[in-house]
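Coordinate inspection notes
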Amino acid sequence: MGIVNIINLFGGLGLFLFGMNYMSKGLNQVAGNKMKDLLERLTRNPIKGFFLGVLVTAVIQSSSATTVMLMGFLNAGIMDLAQATGVIIGANIGTTVTAVLIAIDVSAIAPVCIFVGTAMYIFAKKQTHKYTGQIILGFGILFFGLKYMSGDSAMGVLKSSVGFQNFIASANNPVLGIIIGFIICSILQSSSAAIGVLQVLALQGVVPLNFAIFLIIGINVGSATPLFLSSIGAKTNAKRAAVIYFIFNLVLVFFTPIAYCQPFIDFIETHSANGSVAVAACHIIFKVVTALVLLPFTKPIVKISQRVVKTREHESSFRFTYIDKKLTGNGNISVLQAGSEVERMAKLVRKNLVLACEDLLAGSLEHEREIKDNEELVNWLNHNISDFMVTITSHTLSGDSSEYVGKLFHVITDLERIGDHALNILNKNEVIIKDNLDFSKESMKEINDIYEKALELFDRAVGAFVNKSLPDDDEHYLHFLEDTIDSLTLQAQDNHVQRLRQKKCHTSSGVVFTKLLQDLERVGDHSYNIAWAARKDKDLIRQI
């Protein structure tokens, strides 16, 4: 096998991996949110979770995407680890769909798929049609890469390689096969891709089924590598999920004796002389049998994962960082702790406001999941800080501390409402992208100008409250900022009416635009409330 053959092999492999990844992303965009909603509703039962894991992974063609959704639900408390185990087992079976598609071999239509997919992606107006084009294009590139890999200029040359044939003829060591499969999967970071490469080799007739079985087992064990890597630094349940995934695939090692079972080999080969189909069949049989064996033992598997990954103190993000409930007997110290938690809450709210507005201006949903996770934590802090402060008000507090607690109640309410407006901005951005709404450069500039003023007002207001000081000059400037935001909002609304009359924008876009202005204007109002609470000489908190 010369250097040209190796270059052709890697070129075809690159096309295959790119096509698989590109198709997976398109599927995730088209069906990901629906699958996520389905997971959230139906995973209370491990059996339902199993079938749902199969369905979701088969549809979006990515067990890693399924796992990411799963981790979000685990962290949010929507499901427990036992319920997640069923989904993980199902997701393992869902990944075999790729092997089935490769075994069918529709490479003849790959050029047609590339042409149609490219045309749809470039010329389609609606975003969903573009994503559909992405799926078709990825599908075509995937099979084009497979065809190129299996050609005479790449893997096909192995047929005439004496050295390779001698290696395969003596390759009956299961440990060697498992290690090779493990390494291949670890390098490619995808079990579906590794199985696809193996199917190409089997199709060329250069890898007999009895040795391919060892490789299949090694590939599946190696498929846990990406999950372990992604769980580094993650929360406890994420690490346990990786352990559960590894346990499932480690059980496949017990299929090793099957390679020496000639009746089984004959049975598979009798039903299909196509090596690619034989590999896919073994892959599916091993996964399904393992799932049927392990599914009744979800609870013991969870216990094993809990023993391997011990529970860490303060694991959940839904916890206090500064408040120590053991010190509630000292009211003044508890007040200081509550203030620190409110400051932490303010940082989360600011982050969400920035992420939501920056994504809106960039026309993306890159931080969608992070914003929603942060919003859940903000709501948790709102309720739990309030409950904590109710508890400490039962203790005797100094005059300043008592006044400060009263202001904290108002501030966390305003922070929570600003967080809601940040989420509203995200939701409207989702509508913009989903419905492919157009906004003029003028309207986006108006939104950006108001956003910058609102963020400045928020930062100065929170800074004043944290420092417990708002001099007259600073208060006048913050009042000026709030008035500026109101003026910019009114001007933007007037400009919008003019654009409607001139037919420079559509009504549907205008409705979303107007609501975005309202959200940003309300952010300014609530920010000024926070600043007002910093004044020690104000008996009443200004509320809008």
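1. Examining a nonpolar patch on the surface
- On the surface, a nonpolar cluster with roughly 500 Å² of combined accessible area is contributed by I3, V4, I6, I7 and F10.
- Tracing the sequence through the fold places I3 in helix α1 (residues 3–42).

2. Concerning a positive patch on the surface
- Taken together, K299, K303, R307 and K310 make up a surface patch of like positive charges.
- Its location among the elements puts K299 in helix α16 (residues 298–308).

3. Some words on the environment of K287
- Summarising the element assignment, K287 is placed in helix α15 (residues 275–294).
- Residues K287 and F248, 39 residues apart in the sequence, show an inter-C-alpha distance of 8.8 Å.
- In this structure, K287 is in contact with N92, I93, T95, T96, N220, F248, N249 and L252, ignoring residues within four places of it in sequence.
- Here N249 takes part through its side chain, which lies 3.4 Å from a polar atom of the side chain of K287.

4. Examining the confidence of the model for the protein chain
- With 79% of its residues at a pLDDT of 70 or more, the protein chain shows a mean pLDDT of 80.
- Helix α20 (residues 441–467) holds the highest mean pLDDT among the elements of the protein chain, 92, whereas helix α8 (residues 162–169) holds the lowest, 55.
- Low pLDDT, under 50, characterises residues 538–544; the predicted model gives this stretch 24 contacts beyond four residues in sequence or across chains.

5. A look at the packing of helix α4 (residues 81–94) against α16
- α16 packs onto α4 with a crossing angle of 110° between their chain directions and a minimal axis gap of 9 Å. In terms of their interaxial angle, α4 and α16 are classed as roughly perpendicular. On α16, the residues touching L81, A82 and T85 of α4 are T298, I301, V302 and S305.
- Partitioning the contact of α4 with α16 into residue classes produces four nonpolar, three polar and no charged.

Rules of the game
Residues numbered from 1 in each chain as written. Predicted model: local features only at pLDDT ≥ 70, side-chain atom pairs only at ≥ 80, totals over all residues. Heavy atoms only, no water. Patch = residues over 30% accessible without salt bridge, like charges linked within 9 Å, V, L, I, M, F, W, Y side chains within 5 Å. Areas by Shrake-Rupley, 256 points an atom, 1.4 Å probe, with all protein chains shown as cover. Salt bridge = Lys/Arg side-chain N within 4 Å of Asp/Glu carboxyl O. Helix = DSSP H or I, 4+ residues; strand = E, 2+ residues; numbered from the N terminus. Lys, Arg positive; Asp, Glu negative; His and termini not counted. Charge placed at Lys NZ, Arg CZ, Asp CG, Glu CD. Contact = heavy atoms within 4.5 Å. Polar contact = N/O pair within 3.5 Å; in protein donor to acceptor, adjacent residues only side chain to side chain. pLDDT = per-residue confidence, 0-100. Axes fitted to C-alpha atoms, helices over the stretch in contact; angles between N-to-C directions. Parallel < 35°, antiparallel > 145°, perpendicular 65-115°, else oblique. Nonpolar A, V, L, I, M, F, W, Y, C, P; charged D, E, K, R; others polar.

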